Amino acid sequence: MFPTVRPRRLRRTAAIRALVRETSVAPSDLILPLFFHDALTEPRPVSTMPGVSQLPVSAAAETARRCWESGLGGVILFGLPKTKDASGSSAYDPSGPVPRAVAAMKDAVPELLVMTDVCVDEYTEHGHCGVLKTSARGVVDVDNDATLGVLARAAVVYAEAGADVVAPSDMMDGRVGAIRRALDGAGLTDTAILSYAVKYASAFYGPFREAADCAPKFGDRAGYQMDPANGREALREAKLDEDEGADMLMVKPALPYLDVVARVRAASTLPLGAYNVSGEYAMVKAAAAADMIDERRAVLELLTSIRRAGADFILTYHALDAARWLG
Ligand code: PBG
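First, a word on scope: everything that follows refers to the structure included in this document. This structure is a prediction, so every number in the text was calculated from the model and none was measured.

### Notes on the site of the ligand
As a matter of local geometry, the ligand sits amid 18 residues, with Lys199, Arg209, Lys252, Ser278 and Tyr317 nearest to it. Between a nitrogen atom of the ligand and a side-chain N or O atom of Asp121, the distance comes to 2.8 Å. Gln225 places a polar side-chain atom, nitrogen or oxygen, 2.8 Å from an oxygen atom of the ligand. In isolation the ligand exposes 400 Å². Once the protein is present, 100% of that is buried.

In structure tokens:
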């Protein structure tokens, strides 16, 4: 006990702090989300997410080189199609923005890890993450089982275009199994599945909905995304997706759910990601723009906290800035 024991001895100099540091963040832990818009010829800034732009597919090769040179762990692609319909069928159009961007990125830098988000909300005119059905009593809901085929077709198209990993974010029951069967049936046995296994119905997706043009036109996503109050349910979701064949799991959002990251980490041996989502990003950017916070220190601290909670990798819009700051 004090005065014999003095924890401050190990905090005296930068060298000793570095020696005893428990958690590290490297550029290779970071995955950058990208938005490819089929109707653009120039990047279009996303007003809710300073520093983020929707990109034309023609920018894919150059973006791949930049991410590779920055040492990032990879990228994850979202698409904004020219046309939307009730079932989100443009999600599996082989000439849509995501398959074309994947192919261009893999042609430019074959070594770059390219993931694709798999969901239909950017492709449906109503903005929900699935096909709709109306009950006899007139209640409209997302039809879980009818959505699985659309998701599986999209995953196959992205894998055929060259995606290394497909990442379903829709929260339909049974979609990991449906996607695994479809990939294997198409001979795509080497394509990995990163499941957004634990995805909460969160206010922190707000800014993304401009970036991906996917705000639901009516209602909300509480009938398929998880209740923010639930922790045990996260373990149930993670276990189901693992049993269905997920290769990696993810918790989303990250910062308000670090306890969930830690619990899933303890309950599963699969690699675990966390998504530092658009609202978490926008808050830091707004505070920094108002001179209320030191952006660089804040970003490196929050990325460290996500790793400390147990995430192996982090999806974050700060990826390129953080990679530069990490050197
Ligand atoms: C749905 C999807 C969303 C995000 C990623 N995939 C939006 C939602 O579920 O409403 C949010 C990502 C972010 O906020 O950064 N396809």
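### Describing the packing of helix H4 (residues 144–161) against helix H5 (residues 175–185)
Orientation of H4 relative to H5, taken along the N-to-C sense of each, is 45°, at an axis distance of 9 Å. In terms of orientation, H4 lies oblique with respect to H5. Classified by chirality, the crossing of H5 by H4 is right-handed. In this structure, H4 uses Leu148, Leu151, Ala152, Ala155, Val156 and Ala159 to contact H5, whose residues at the interface are Arg175, Ala178, Ile179, Ala182 and Leu183. Partitioning the contact of H4 with H5 into residue classes produces 10 nonpolar, no polar and 1 charged.

### Some points on helix H10 (residues 295–309)
Taking 1.5 Å of rise per residue, the 15 residues of H10 would be expected to cover 21 Å, and the 21 Å separating its terminal C-alpha atoms lies within 8% of that figure. Taken as a whole, H10 has its buried residues at Glu295, Ala298, Val299, Leu302, Leu303, Ser305, Ile306 and Ala309. Projected down its long axis, H10 carries its buried residues within an arc of 155°, all on one side. Facing away from the buried side of H10 by over 90 degrees, the exposed positions are Arg297, Glu301 and Arg308. If you follow the buried residues of H10, they end up packed against strand S1 (30–37), helix H8 (258–267), strand S11 (272–276), helix H9 (278–289), strand S12 (313–316) and helix H11 (319–326). Structurally, the start of H10 carries an N-cap: the backbone nitrogen of Arg296 is 3.2 Å from a side-chain oxygen of Asp294.

About the thresholds
- Each chain carries its own residue numbering, running from 1 in the direction its sequence is written.
- In keeping with the model being predicted, local features are shown solely for residues with a pLDDT of at least 70 and side-chain atom pairs are shown and tallied solely at 80 or more, while totals for entire chains, interfaces and linings include all residues.
- To get the side-chain values, all heavy atoms of the structure are used, and hydrogens and water are removed first.
- One heavy atom within 4 Å of a molecule or strand is enough for the residue carrying it to be called near that molecule or strand.
- Under the rule applied, a polar contact is a pair of N or O atoms within 3.5 Å (in protein, one hydrogen donor and one hydrogen acceptor; residues adjacent in sequence only if both atoms are side-chain atoms).
- For accessible areas, the Shrake-Rupley method is used with a probe of radius 1.4 Å. Any residue's cover is judged against the shown protein chains and nothing else.
- Note on geometry: axes are C-alpha line fits, over the in-contact stretch for helices, and angles between N-to-C directions span 0 to 180 degrees.
- By the criteria applied, helices consist of DSSP H or I runs no shorter than four residues and strands consist of E runs no shorter than two, each listed in order from the N terminus.
- For classification purposes, an angle smaller than 35 degrees is called roughly parallel, one larger than 145 roughly antiparallel, one from 65 to 115 roughly perpendicular, and anything else oblique.
- Helix crossings are classified by the rotation of the near helix relative to the far one: an anticlockwise turn of less than a right angle makes the crossing left-handed, while a clockwise turn makes it right-handed.
- Pairs of residues are marked as contacts when any of their non-hydrogen atoms sit within 4.5 Å.
- Residues were grouped as follows: Ala, Val, Leu, Ile, Met, Phe, Trp, Tyr, Cys and Pro as nonpolar; Asp, Glu, Lys and Arg as charged; and all remaining residues, including Gly, as polar.
- Expected helix span is computed as 1.5 Å times (number of residues minus one).
- Each residue is placed in one exposure class: buried if its accessible area under a 1.4 Å probe, protein chains only, is under 20% of its type's maximum, exposed if it is over 50%, and partly exposed if it falls in between.
- Arc, as used here, means the arc of the directions from the helix axis to the C-beta atoms.

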